[in-house]
Amino acid sequence: MHRHTYVEKKTMGTEDGRFDPLLLNIAQQCQGIDGLLEVFLSFLRRKTDFYTGATASKVEETILAAVRKQMGMAERTQQEELRTREAEEARREERMRMAKLKGKANQKAKDSNAVTMDAATSSHTSQTNVVELGADGSFDVASTAATKEPKEEKPKLDADGEEEKEEAPPGNGGATDRYIWTQQLAEVTINVPVPVGTRSRDLSVDIGKKRLRVALKGGPTLVEGELYKPIKVDDSFWTLEDGREVVISLQKENGMEWWKCAIAGDPEIDTSKVSPENSKLSDLDAETRQTVEKMMFDQRQKQMGLPTSDEQKKREMLEKFMKQHPEMDFSGATIK
């Protein structure tokens with residue numbers, strides 16, 4: 001006889017889940033679907049007239065109708081989940097495709113620039129053979145150096161007359177054959193594809209201060225290496241999305257620095273091209289906000305030729321010390 005197993009699933013929002021905690025507790029104690037059904041049918045026999053108040057065919061018809069209804073709902077839910085997974089997989093593949101195209105385009109541009117520079121250098125230093133014809137019909141081949149200077153390439157300008165800038169890396173991150181990574185100023189997100197149907201208990205994810213490892217239990221290691229910079233381990237976490245992708249959220253220890261790569265040794269991006277997210281001071285945590293406000297204040301003070309916050313503190317300390325020691329001569333004292 002086929003034995004049904006108990007697997008906890010999320011309840012759809014449109015279903016009545018009032019008794020879920022009670023039924024889950026019973027299911028866990030019964031150690032399977034068979035035991036749960038036995039308890040429920042036994043309850044109907046002992047506490048109701050379900051079996052004696054109708055014919056056997058009516059009892060079977062009632063049970064089968066309820067089973068068919070739930071099977072139909074389960075099939076629809078499974079189809080919806082499948083469509084969601086397929087859509088997410090399509091979006092993930094599109095992100096990877098665009099990241100690879102971006103990488104190829106950048107490499108092609110670099111190769112093209114290298115060829116152009118080599119050609120210009122070659123034309124500048126190479127010599128040209130010139131045939132000189134005499135009045136008597138004799139000729140001689142003379143060698144003269146080409147003097148044509150290579151044209152200086154002017155930067156491309158946009159519609160406003162300003163120099164065009166290279167596009168920012170997608171998501172301010174990049175892609176490798178193992179993962180895709182994006183970042184904000186205070187956070188790095190790493191997306192690692194896993195075999196479809198993977199469960200959380202199938203994974204081994206270790207997040208350290210400067211190291212990351214993602215592996216399948218009893219299987220291959222998917223990502224492993226030293227992180228580009230230290231992180232806040234207690235504020236970092238990972239989740240499994242749709243049984244096909246591990247999403248790792250890493251909180252940077254230095255929330256005011258852009259990373260060049262996620263894992264040390266992997267291809268780096270140009271952090272001067274990143275596009276900072278629009279944020280307000282009110283969106284920042286207290287420590288970061290205080291640091292930013294101090295930097296902004298010091299910058300304004302320098303522009304106006306006034307002392308910075310650190311210089312003000314030193315001045316206040318000196319003035320306080322002068323008051324406490326009036327007998328001392330501070331006429332030649334300077335603040336450094």
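The rules behind these values
- Residues numbered from 1 in each chain as written.
- Predicted model: local features only at pLDDT ≥ 70, side-chain atom pairs only at ≥ 80, totals over all residues.
- Heavy atoms only, no water.
- UniProt positions renumbered as here; feature names shortened; annotations may be inferred.
- Helix = DSSP H or I, 4+ residues; strand = E, 2+ residues; numbered from the N terminus.
- Contact = heavy atoms within 4.5 Å.
- Polar contact = N/O pair within 3.5 Å; in protein donor to acceptor, adjacent residues only side chain to side chain.
- Patch = residues over 30% accessible without salt bridge, like charges linked within 9 Å, V, L, I, M, F, W, Y side chains within 5 Å.
- Areas by Shrake-Rupley, 256 points an atom, 1.4 Å probe, with all protein chains shown as cover.
- Salt bridge = Lys/Arg side-chain N within 4 Å of Asp/Glu carboxyl O.
- Lys, Arg positive; Asp, Glu negative; His and termini not counted.
- Charge placed at Lys NZ, Arg CZ, Asp CG, Glu CD.
- Pairing = 2+ DSSP bridges.
- Axes fitted to C-alpha atoms, helices over the stretch in contact; angles between N-to-C directions.
- Phe/Tyr/Trp six-rings, centres within 6.5 Å; stacked < 30°, edge-to-face > 60°.
- Lys NZ or Arg CZ within 6 Å of the ring centre and 35° of its normal.
- Left-handed = near helix turned anticlockwise from the far one by under 90°.
- Nonpolar A, V, L, I, M, F, W, Y, C, P; charged D, E, K, R; others polar.

The protein chain carries the name Nuclear migration protein nudC in an unreviewed UniProt entry, which gives Nannochloropsis gaditana as its organism. Per its UniProt entry, the protein chain bears the Subcellular location (unreviewed entry) comment "Cytoplasm". Under the UniProt heading Sequence similarities (unreviewed entry), the note attached to the protein chain is "Belongs to the nudC family."

Participant: Can you walk me through the environment of T221 in this structure?
Facilitator: By secondary structure assignment, the location of T221 is in strand β8 (residues 221–226). T221 sits 18 residues away from L203 along the chain, and the two C-alpha atoms are 9.9 Å apart. Setting aside residues no more than four positions away along its own chain, T221 makes contact with R213, V214 and A215. Within polar-contact distance, the side chain of T221 engages the side chain of R213 at 3.3 Å.

Participant: When you look at a negative patch on the surface in this model, what are you seeing that I'm missing?
Facilitator: On the surface, a cluster of negative charge is contributed by E80, E81, E241 and D242. Among the secondary structure elements, D242 is positioned in the loop between β9 (231–241) and β10 (245–252).

Participant: How should the sheet that holds strand β6 (residues 203–207) be read in this particular structure?
Facilitator: Note on sheets: strands pair through backbone hydrogen bonds, and any given pair is parallel or antiparallel. With antiparallel pairing, 3 strands are arranged side by side in an open sheet as β6-β7-β8. Unpaired on one side and paired on the other, β6 and β8 mark the two borders of the sheet. Taken pair by pair, the neighbouring strands of this sheet meet at an average axis angle of 5°, ignoring direction. Pairing of strand β7 (residues 211–216) with β8, which is carried by 5 bridges, proceeds in the antiparallel orientation. By the bridge assignment, V214 is partnered in β8 with V223.

Participant: Help me out: how do you make sense of the packing of aromatic side chains in this one?
Facilitator: Aromatic rings in a pair are described by how distant their centres are and how their planes are angled relative to each other. The tally for this structure, following the rule as stated, stands at 2 aromatic pairs. The cationic tip of K229 hangs over the ring face of Y228; the distance from NZ or CZ to the ring centre is 5.5 Å.

Participant: Honestly, the packing of helix α1 (residues 20–30) against helix α2 (residues 33–47) in this entry has me stumped. Any pointers?
Facilitator: Contact geometry for α1 and α2: axes closest at 7 Å, N-to-C directions at 120°. You can see that α1 and α2 cross each other, and the crossing is right-handed. The residues of α2 that touch α1, namely those facing L23, I26, A27 and C30, are G35, L36 and V39. A breakdown of the residues in the contact of α1 with α2 according to their chemical character gives 6 nonpolar, 1 polar and no charged.

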